[in-house]
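Read off the chains here:
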Amino acid sequence: MLHVLYLFGVAAFAASGVLAAYRANMDPFGGLVLAFAASISGGTLRDLILNRHPLYWTHDWVLLTVIICVGVATMVYLRFWTLPRKSLLVVDAVGLAVVTVIGARAAIDAGATPLAVLILAVLTGVAGEVIRDVLCGEFPPLLLREDVYAIAALAGAALLLTLHHLGISSTAATAASAGLVFALRMGAVYFGLHLPRPHRSPDRKGTDG
């Protein structure tokens, strides 16, 4: 089940990569580059930190095929139809939800400490989006402009970790945690929610002598 769920999350990130490339006026090759960058960067970083070899995507032809097929299908769709303005945010939220809980599960299975589980889950969820946005020339990346993003991933990972220690079944814990990440992210998008931001105090001229 986890593998199927991960394929779903990777597909969502692949679509988000192509959508980001489309918005940045990239060519089809650029779209595929961003599809792969958004899909596998987070998991690659996680596996390198956990010293898991070989890297998960180097021997999973199904995953690579899914990325290519979703990437090409998204480009074909965009050639003839226009997606809603917030479509990138929706598919991105789906990918964030799924990949975050998979990252948390992998860290738990590797015997990581609770704090390390949270860190690795967030890194798995957000690394691909950061690289995608940087390649698109978006500065700062979405992660650093939208507060309820990494926070949503952190909340979902914390819920999964809690449910795991309470002995809740893996399926129920994964579904609940992914649902929380998605709900928090989409709630922030549609209601314009942000964490409190520091405000620059008015300049006080003449106070330095």
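Refer to the structure above for everything that follows.
Let me begin by describing the structure that accompanies this report. All figures in this text were calculated on a predicted structure; none of them were measured in a lab.

Scoring rules and cut-offs
Residues numbered from 1 in each chain as written. Predicted model: local features only at pLDDT ≥ 70, side-chain atom pairs only at ≥ 80, totals over all residues. Heavy atoms only, no water. Axes fitted to C-alpha atoms, helices over the stretch in contact; angles between N-to-C directions. Helix = DSSP H or I, 4+ residues; strand = E, 2+ residues; numbered from the N terminus. Parallel < 35°, antiparallel > 145°, perpendicular 65-115°, else oblique. Left-handed = near helix turned anticlockwise from the far one by under 90°. Contact = heavy atoms within 4.5 Å. Nonpolar A, V, L, I, M, F, W, Y, C, P; charged D, E, K, R; others polar. Salt bridge = Lys/Arg side-chain N within 4 Å of Asp/Glu carboxyl O. Buried < 20%, exposed > 50% of the residue type's maximum accessible area, 1.4 Å probe, protein only.

## What about the packing of helix H1 (residues 2-23) against helix H5 (residues 114-135)?
For any two helices packed against each other, one specifies the inter-axial angle together with the distance between the axes. Orientation of H1 relative to H5, taken along the N-to-C sense of each, is 20°, at an axis distance of 10 Å. One way to sum up the angle between H1 and H5 is to call them roughly parallel. Note on packing geometry: the crossing formed by H1 with H5 is right-handed. Where H1 abuts H5, its residues Phe13, Ser16, Gly17 and Ala20 lie against Gly125, Glu129 and Arg132. Residues belonging to the contact of H1 with H5 are distributed by class as follows: two nonpolar, three polar and two charged.

## Notes on the pattern of salt bridges
Applying the stated criterion across every chain yields a total of four salt bridges. Put simply, aspartate 47 and arginine 46 hold a salt bridge, and the shortest N to O gap is 3.1 Å. Each of the two residues, aspartate 47 as well as arginine 46, counts as buried. Across the salt bridge formed by arginine 132 and aspartate 133, the nearest N and O atoms sit 3.0 Å from each other. Owing to a relative accessible area of 1%, arginine 132 belongs among the buried residues under this scheme. We classify aspartate 133 as buried; its relative accessible area is 3%.

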